[in-house]
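For reference, the chains in residue letters:
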Amino acid sequence: MHELIHFTVQKIKELLEQFNEVQALYLSKSFDFDTRFDVFLNEVLEYFRTKGSTSHESEVLKIMNTIVTVKRGFNPIKMEKIVSGRRELLGGFSFNGIESIYDILMEIYTKENKKLDDAEELISGVIVSLYQNGILNDEKLKEMNSVPKIETFWNSLVEQNPAISGINKKLRLSVIPEDIFLILEKVFLKLI
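Source: prediction; values computed, not measured. (Residues numbered from 1 in each chain as written. Predicted model: local features only at pLDDT ≥ 70, side-chain atom pairs only at ≥ 80, totals over all residues. Heavy atoms only, no water.)

A.B. asks: Lay out the overall build of the chain with the relevant residues and their values.
C.D. replies: Across its full length, the chain holds eight helices and two strands. The helix and strand sequence of the chain, counted from the amino end, reads α-α-α-β-β-α-α-α-α-α. On C-alpha atoms alone, the chain measures out to a radius of gyration of 23 Å, which is more than a quarter above the 16 Å that the 2.2 N^0.38 rule sets for 192 residues. Overall, the chain is about 75 × 30 × 20 Å in size when its C-alpha atoms are taken along their principal axes. Buried positions account for 36% of the 192 residues belonging to the chain. Contacts in the chain between residues at least 24 apart in sequence constitute 64% of all its contacts with a sequence separation of at least 6. Here the chain displays about 11,600 Å² of accessible surface, and carbon together with sulfur accounts for 55% of that area. Seen as two clouds, the 24 positive and the 29 negative side-chain charges of the chain have centres 4 Å apart. (Helix = DSSP H or I, 4+ residues; strand = E, 2+ residues; numbered from the N terminus. Rg over C-alpha atoms; globule rule 2.2 N^0.38 Å. Buried < 20%, exposed > 50% of the residue type's maximum accessible area, 1.4 Å probe, protein only. Contact = heavy atoms within 4.5 Å. Areas by Shrake-Rupley, 256 points an atom, 1.4 Å probe, with all protein chains shown as cover. Lys, Arg positive; Asp, Glu negative; His and termini not counted. Charge placed at Lys NZ, Arg CZ, Asp CG, Glu CD.)

Here is the structure:
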């Protein structure tokens, strides 16, 4: 089942905001960093579990296990007891973990935003075409002031017009109907 892409983008944005806080703690060498980073990693892990993204879940667990291994006094690469410099080693592996989490979050954020941008471009083309053909005008546009009205309008277009039906099918390959209606609302607001 597809998830609402608008929700995914919002959640990743929130995680990136928390990520920035964690990064600031790391930069300032705050004593709160370790605790806050653990909390952040657990939240990211829970999000991926809930979403069913096992590959991302595995990456987060790998980072967590590496850090736990250092905290237990072992070098995760050499698998030798750490004799000295544990704090520096922990800092290095934490930094590596921070970088990995950032890459994962940005990959998802970029991919999901691209889906929305592509869908918006396609929908914008349809709306311009509807204007050119007199099916949509400023008065009708002003009536589209809620998502249910937009949904009814779009569904009637899909039923009546085979070309729009085909575009709708193409859109549904990457986004769910609720995303389509939210994108339509965004496009309409730009035109009012």
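Next comes the rest of the write-up.
A.B. asks: Explain helix H1 (residues 5-27) to me, and be specific about the residues and the numbers.
C.D. replies: Since the α-helix turns once every 3.6 residues, residues separated by three or four places project in the same direction. In this model, H1 (23 residues) spans 32 Å end to end at C-alpha, consistent with the 33 Å of a helix rising 1.5 Å per residue. If you check which residues of H1 are buried, you get Ile5, Thr8, Val9, Lys11, Ile12, Leu15, Leu16, Gln18, Phe19 and Val22. A positive phi of about 55 degrees marks lysine 29, the residue just after H1. (Expected span 1.5 Å × (residues − 1).)

A.B. asks: Quick rundown of the pattern of salt bridges? Include the residues and the values.
C.D. replies: Overall, the coordinates contain nine salt bridges when judged by the stated rule. A salt bridge links lysine 11 to glutamate 43, with the shortest nitrogen-to-oxygen separation between them at 3.5 Å. A residue pair is termed long-range when its members are at least 10 positions apart, and lysine 11 in helix H1 and glutamate 43 in helix H2 (residues 33-51) qualify at 32 residues. Residue class for glutamate 43 comes out partly exposed when judged on its relative accessible area of 29%. Ionic pairing is found between glutamate 21 and arginine 36, a salt bridge with its closest N-O pair at 3.5 Å. Taken as a pair, glutamate 21 in helix H1 and arginine 36 in helix H2 lie far apart in primary sequence, 15 residues in all. Relative accessible area serves as the criterion here: at 45%, glutamate 21 is assigned to the partly exposed category. You can call arginine 36 partly exposed: its relative accessible area is 21%. Residues participating in the shared-partner salt-bridge network are Glu120, Lys186 and Lys190. (Salt bridge = Lys/Arg side-chain N within 4 Å of Asp/Glu carboxyl O.)

A.B. asks: An account of the packing of helix H3 (residues 54-71) against helix H4 (residues 86-132) is requested, with residue identities and associated values reported.
C.D. replies: Between H3 and H4, the least distance of the axes is 9 Å, while the angle of their chain directions is 170 degrees. As far as their axial angle goes, H4 and H3 are roughly antiparallel. Across from His56, Glu59, Val60, Ile63, Thr66, Ile67, Val70 and Lys71 in H3, the residues of H4 making contact are Arg86, Leu89, Leu90, Phe93, Ser94, Gly97, Ser100, Ile101, Ile104, Glu107 and Ile108. Tallied by class, the residues present in the contact of H3 with H4 amount to 10 nonpolar, five polar and four charged. (Axes fitted to C-alpha atoms, helices over the stretch in contact; angles between N-to-C directions. Parallel < 35°, antiparallel > 145°, perpendicular 65-115°, else oblique. Nonpolar A, V, L, I, M, F, W, Y, C, P; charged D, E, K, R; others polar.)

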